[in-house]
Amino acid sequence: MPATPSRLFQSARGSFEERPRLLQNVGFEEWKVAEDLLAPGFQKLGYLALDEYAMLEPTLSWLSKEPEKPFFLTLLTASTHHPYHVPGKQPAKSRDGYFPAYLEAVA
């Protein structure tokens, strides 16, 4: 039986935590990281990633290649990671620390 195709898209840099080696060891066949997703109009979030919307078009394109075939897809977002920067908004600043910014990113 053929293997189910697997792919991961992440908005964070690929150099973060040696991601390509990890993904290969976990068994992903393909992946796209921030460096692969660079396109005009997508905002950089904090020190780590791009706007998650940068993953949308490549993900939909990959899914449309064989729409009836089973697949395993992971989308790893970064706006809910420090510094909790929501795309399209100014980074939240608060005397209460990062918790309000985290709640906004999760919402």
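Heads up: these notes are all about the structure in this document. Note that the structure is predicted; figures quoted are calculated from it, not measured.

Parameters at a glance
- Residue numbers restart at each chain and count upward from 1, following the sequence in its written direction.
- Predicted model: local features are reported for residues with pLDDT of at least 70 only, side-chain atom pairs are reported and counted for 80 or more only, and whole-chain, interface and lining totals are derived from all residues.
- To obtain the side-chain values, all non-hydrogen atoms of the structure were included, while hydrogens and water were left out.
- Think of it this way: DSSP has to see at least two bridges between two strands before they count as a pair.
- By definition, any uninterrupted DSSP run of H or I lasting at least four residues is a helix, any uninterrupted run of E lasting at least two residues is a strand, and each is numbered from the N terminus.
- Lines are fitted to the C-alpha atoms to define the axes, a helix being fitted only along its stretch in contact, and any angle between axes, read from their N-to-C directions, falls within 0 to 180 degrees.
- Throughout, a residue-residue contact means that at least one pair of heavy atoms, one from each residue, lies within 4.5 Å.
- Centres within 6.5 Å make a pair out of two Phe, Tyr or Trp rings, where for Trp the six-membered ring is used; the pair is then stacked when the planes are under 30 degrees apart, edge-to-face when over 60, and tilted otherwise.
- Only protein chains enter the area calculation, which uses a 1.4 Å probe; residues under 20% of their type maximum are buried, those over 50% are exposed, and those in between are partly exposed.
- Handedness is read with the strands pointing away from the viewer; a crossover is right-handed when the path from the first strand over the helix to the second is clockwise.

Quick word on the sheet that holds strand β1 (residues 6-10)
Strand pairing in a sheet relies on backbone hydrogen bonds. The paired strands run either parallel or antiparallel.
Okay, step 1: A sheet is described by the order of its strands in space; here three strands give the open sequence β2-β1-β5, paired in parallel fashion. This sheet does not close on itself; its edge strands, each paired only once, are β2 (30-32) and β5 (72-76). Adjacent strand axes in the sheet meet at a mean angle of 10 degrees, parallel and antiparallel pairs treated alike.
Okay, step 2: Strand direction decides the pairing type here: β1 and β5, joined by five bridges, are parallel. Looking across to β5, one finds that Q10 is bridged to L76.
Okay, step 3: Relative to the sheet, helix α1 (residues 19-26) contacts β1, β2 and β5, its axis offset from that of β2 by approximately 150 degrees.

Overview of the packing of aromatic side chains
Okay, step 1: What the rule picks out here adds up to five aromatic pairs.
Okay, step 2: Judged by centre distance (5.4 Å) and plane angle (75 degrees), the ring pair of Y84 and Y102 falls under edge-to-face. With Y84 in the loop between β5 and α4 (99-106) and Y102 in helix α4, this residue pair connects regions lying 18 residues apart in the sequence.
Okay, step 3: Classification of Y84 by relative accessible area gives buried; the value is 18%.
Okay, step 4: Overall, the relative accessible area of 32% leaves Y102 in the partly exposed class.
Okay, step 5: Put simply, the rings of Y84, Y98, F99 and Y102 pair up and form one aromatic cluster.

A short note on the pairing of β1
Okay, step 1: Most of β1 is tucked away, with five of its five residues classed as buried.
Okay, step 2: Where burial is concerned, the two faces of β1 agree: the one with S6, L8 and Q10 and the one with R7 and F9 are both buried.
Okay, step 3: As paired strands, β1 and β2 are joined by three bridges and run parallel to one another. The residue of β2 that forms the bridge with F9 is K32.
Okay, step 4: Viewed along the sheet, the connection from β1 through α1 into β2 turns out right-handed.

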